[in-house]
Amino acid sequence: MKEQKRFPVVGMRCAGCAHAVEQAASKVDGVDDAHVQLAENMLSVSIQDSPEAVDVLRRAVRGIGFDLIVEDSEADQLRLRDAMEATELLRMKRDTVMAWASSVALMFLMVVPHFAAMPYLMMLIALPAYVWAGRAFHLSALRQLRHGVFSMDTLVSLSTTISFFYSVVVLFFFREGPVGMALHFYFDASAMIIAFVLLGKLMEKRAGRNTGQAIRELMRLQPAEALVVRGGKEVVMPVTALIAGDLVRVRPGEQVPVDGVVTEGSSSVQESMISGEPLPREKETGSAVFSGTINGSGVLTVQATRVGSDTVLGRIIRTVREAQASKAPIQRLADKIAGIFVPIVIALAILTYVIWRLTGGEDAGIYGLLCAISVLVIACPCALGLATPTALVVGIGRAACNGILVRNAEALERFAAIDTVVLDKTGTLTEGKPQVTQTHWFVPDGEMPALRRLLYSAEILSTHPLAAAVCRAFVGDGSTVELSDVQNYAGRGISFTYEGSVYNVGSAAFVAESGATVPSSVSAPPDDAAVLFFACGDKMLGRFCVTDELQPQAAEVLEQLRRHKVRTVMLTGDRPEAAESLARKLGLEEYRGGMMPSDKADYIRMLRSQGHHVAMVGDGVNDSEALSMADVSVAMGDGSHIAMEVAGITLMRSDLRLLPAAYELSRATRRTVKGNLFWAMCYNLIAIPIAAGLLFPLNGFLLSPAIAGAAMAFSSVSVVANSLRLRTKRVPLLR
């Protein structure tokens, strides 16, 4: 049976490298859906869950010059990857220093008076930079060539090798050639190309580590160890060894290591990382607690119900990782271009040399070689390959740290293009907790306490949708009383017998069957209220109006969406009169009441058929069908798990202001992606003709291969830096 697995990859430096790893992994028998997340250096594959299959995959990746970390434990994977990346970073620093030392020495020789041994000295100075500092490029290029794949390493190795060995041939075999031949040594280019590329990659690697900061921040919320109570003794154990049912003791100031239920003790727990609420919540026996939250001043004993990746925090981390590893449509296009770009660049370099030879003058061969090398160096598609994943990783990570959980990159990209938002009413525009807002008793005051206890006792047993609101209203009226002949009538009400009398609680039609009517002197209930009646036989005892209060920010949110020219529509299964009343309060022009789940789905299907890009926002099981029909589905975090499983985006707390915040962040991410792609493409479209010598007939300008290397390296750094700007972009609620 195949499983989706993720493995850290060590040694990748560009989009071409990532494409090479994907190609090598895809050729392994039994591997499907291989794709690389370059920003996190992660390979995701569908593979048989066996050591043999993983070992074959690792050998394939090693065969093209990279390494795969295949430890079983995710913590061990990350620990080993961090250690290997630290070693690689140190090696890159040393190689960069060596390459720049050689380059500076060569630049010094270029400005001093010429002497006979200068070419030999230049070769000796350039040799360490070419052979040692550039060894990673050469070895990787050779390994990849054996497998028929190409990357940036191919371009760097090819250009520096041509520069160095051409100069060696000139030095040893053409020293008696035409006057001025010494001017055509390119030892300095071979060293400086490696120096500039290494410096750019070093800067890019350091900056790129910040793109995955969201995951690291979330993982820091998970404690490494837990104090477990077993056999009456407290034992410190790794969190990875815990199982459901374990009793865990959480001391003051410690992080809760599991999702579970408090079995002993009381304390306040800071849950802002899960709920977004700034104030701690009081916990006592029976209260639920979540992994990663911080215990206050009391000691809690918690029975684990979920551990590891099954906890709420674990699911958040897994979802963010999957989203960052997923590829938006625009990224798949960029990856495809980057994957075929290297062979095209090599062909362009050869074509550049041929054209120079055919159209140039006396030194056409020298100039053609110089331009061909510049084309090889400057046209590397690193910036193009980094343009999309870096922006998506930063955008998705920033959203996650602020209570917006994006399930995949496609949802984030599509959300920026929506023009219509369809909202459910209950639990989305309203708080989802109906409350009794009006009470009318038709009995003397002295009888009310007994009747309140009676009503509370009945509603505890009722399945009527409004029963919970009545229970919350009358919960403080003392103990319950024993009822007999209790019968629930789905959607209508409940009947019971107490001290020989038959009572009914439910809708007007339900109590009217026994002859009970509301006195004509009582005012009509509000349009947006659901009404519950309490009667004994044909005698009406009371009427209770239940309303679901609006989210405090609902009107503000709808206004923000309107300012963005986004159409807003409310769909609800509630009565049309209640829908109309709520729409008036919110200033909504489009709404539908009395909608069944299939009706909501049909309405969204109709909007999409008209060419609209639709986002559906809901929180209940009844919304799941409509959520699945929308271009982008958004679930409220306090809603059902089914809604959250269907949704592409989940607002982790019931604060509707997160909706426009998510919309603005998605737009900002898309703008960043498009900006990155535009400048990366412009860079190549402009740089390649200049490197090929387009300006030479006009003003005699030729681009030095070393300067071409600098331009290529810093184009990648600029793309990463532009993506990191998303971390500081001002978006409502994302401070």
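What this report covers is the structure whose coordinates are included nearby. (Residues numbered from 1 in each chain as written. Predicted model: local features only at pLDDT ≥ 70, side-chain atom pairs only at ≥ 80, totals over all residues. Heavy atoms only, no water.)

### Digging into the sheet that holds strand S2 (residues 32-37)
The following threshold applies: Strand pairing is assigned whenever DSSP identifies at least 2 bridges connecting the two strands. Only DSSP runs of H or I reaching four residues or more are called helices, and only runs of E reaching two or more are called strands; each is numbered from the N terminus. Residue contacts are defined here by distance: any two heavy atoms, one from each residue, within 4.5 Å place the two residues in contact. Fitting a line to C-alpha atoms yields each axis, with helices limited to the stretch in contact; the angle taken between N-to-C directions then spans 0 to 180 degrees.
Strand order in this open sheet of four strands is S2-S3-S1-S4, and the pairing throughout is antiparallel. Each having just a single partner strand, S2 and strand S4 (67-68) make up the two edges of the open sheet. With seven bridges connecting them, strand S1 (residues 2-10) and strand S3 (residues 42-48) associate as antiparallel partners. Across the sheet, the residue bridging to Arg 6 is Ser 44, located in S3. Strands in contact with helix H2 (residues 51-63) are S1, S3 and S4; relative to S3, the strand with the most contacts, it is inclined by about 140 degrees.

### Comments concerning the environment of Leu 651
For Leu 651, the location among the structural elements is in strand S26 (residues 649-651). Taking the C-alpha atoms as reference points, Leu 651 and Ala 662, eleven residues apart in sequence, are found 8.7 Å from one another. Excluding residues within four positions of it along the chain, Leu 651 makes contact with Gly 403, Ile 404, Val 634, Ala 635, Met 636, Gly 637, Leu 658 and Leu 659.

### As for the sheet that holds strand S16 (residues 435-441)
Taken together, the six strands give an open sheet; going across it, the order is S16-S21-S20-S19-S18-S17, and neighbouring strands pair in antiparallel fashion. Two strands in the sheet have a free side with no partner beyond their single neighbour: S16 and strand S17 (484-489). Across the sheet, the axes of successive neighbouring strands diverge by a mean angle of 15 degrees, strand direction being ignored. Inspection of the sheet shows S17 paired to strand S18 (residues 493-498) by four bridges, in the antiparallel sense. When the bridges of S18 are listed, Ser 484 appears paired with Thr 497. With respect to the sheet, helix H16 (residues 448-460) is in contact with S16, S18, strand S19 (501-506), strand S20 (530-536) and strand S21 (539-547), its orientation differing from that of S18 by roughly 125 degrees.

### Section: a nonpolar patch on the surface
Definition in use: Nonpolar side chains (Val, Leu, Ile, Met, Phe, Trp, Tyr) are joined into patches within 5 Å and like charges within 9 Å, using only residues with over 30% relative accessible area and no salt bridge. Every accessible area reported is derived by Shrake-Rupley at a probe size of 1.4 Å, with residue values counting cover from the shown protein chains alone. A carboxyl oxygen of Asp or Glu within 4 Å of a side-chain nitrogen of Lys or Arg is what we treat as a salt bridge.
A cluster of nonpolar side chains, Val 104, Met 107, Phe 108, Met 110 and Val 111, forms an exposed patch at the surface whose accessible area comes to about 520 Å². Mapped onto the elements of the fold, Met 110 is located in helix H3 (residues 74-111).

### Some words on the pattern of salt bridges
Condition: Type-normalised accessible area, obtained with a 1.4 Å probe on protein chains alone, sets the label of each residue: buried when under 20%, exposed when over 50%, and partly exposed for intermediate values.
Taken as a whole and judged by the stated rule, the model has 16 salt bridges. Between Arg 58 and Asp 67 there is a salt bridge, with its nearest N and O atoms 3.4 Å apart. There is no split in this pair, since Arg 58 and Asp 67 are both buried. Across the salt bridge formed by Arg 562 and Glu 559, the nearest N and O atoms sit 3.6 Å from each other. Taken together, the positions of Arg 562 and Glu 559, both in helix H19 (residues 554-563) and three residues apart, correspond to about one turn of that helix. A relative accessible area of 32% means that Arg 562 is categorised as partly exposed. Since its relative accessible area comes to 35%, Glu 559 is described here as partly exposed. Beyond isolated ion pairs, a larger network of salt bridges with shared partners links Glu 88, Arg 91, Asp 95 and Arg 135.

### A short note on H16
For clarity, the cut-off: Residue count minus one, scaled by 1.5 Å, sets the expected span of a helix.
Compared with an ideal rise of 1.5 Å per residue, which puts 13 residues at 18 Å, H16 spans 18 Å between its outermost C-alpha atoms and is within 8% of the ideal. Every buried residue of H16 is accounted for by Met 448, Leu 451, Leu 454, Leu 455, Tyr 456, Ser 457, Ala 458 and Glu 459. Buried residues in H16 make contact with S16, helix H17 (467-474), S18, S19, S20 and S21.

### Overview of the packing of aromatic side chains
The condition is simple: Ring geometry is summarised as follows: Phe, Tyr and Trp rings, the Trp one being its six-membered ring, pair when their centres sit within 6.5 Å, and such pairs are stacked at plane angles under 30 degrees, edge-to-face over 60 and tilted between the two.
With the rule as written, the count across this model stands at 15 aromatic pairs. Here the aromatic rings of Trp 356 and Phe 696 are separated by 5.3 Å at their centres, their planes lie at 65 degrees, and the arrangement is edge-to-face. Of the two residues, Trp 356 sits in helix H11 (residues 329-359) while Phe 696 sits in helix H25 (residues 696-699), which places them 340 residues apart along the sequence. Between Tyr 367 and Phe 696, the aromatic rings sit 5.3 Å apart at their centres with planes inclined by 45 degrees, giving tilted as the arrangement. One end of the pair, Tyr 367, is in helix H12 (residues 364-378); the other, Phe 696, is in helix H25, and 329 residues separate them in sequence. Overall, the relative accessible area of 27% leaves Tyr 367 in the partly exposed class.

### Describing unusual backbone geometry
Negative phi is the rule for most residues except glycine; trans is the rule for most peptide bonds. Here Asp 485, not a glycine, exhibits a phi torsion of approximately 50 degrees, which is positive. With respect to the helices, strands and loops of the structure, Asp 485 is situated in strand S17. Classification of Asp 485 by relative accessible area gives exposed; the value is 55%. The backbone of Glu 499 sits at a positive phi, close to 50 degrees, despite the residue not being glycine. Along the polypeptide, Glu 499 turns up in the loop between S18 and S19.

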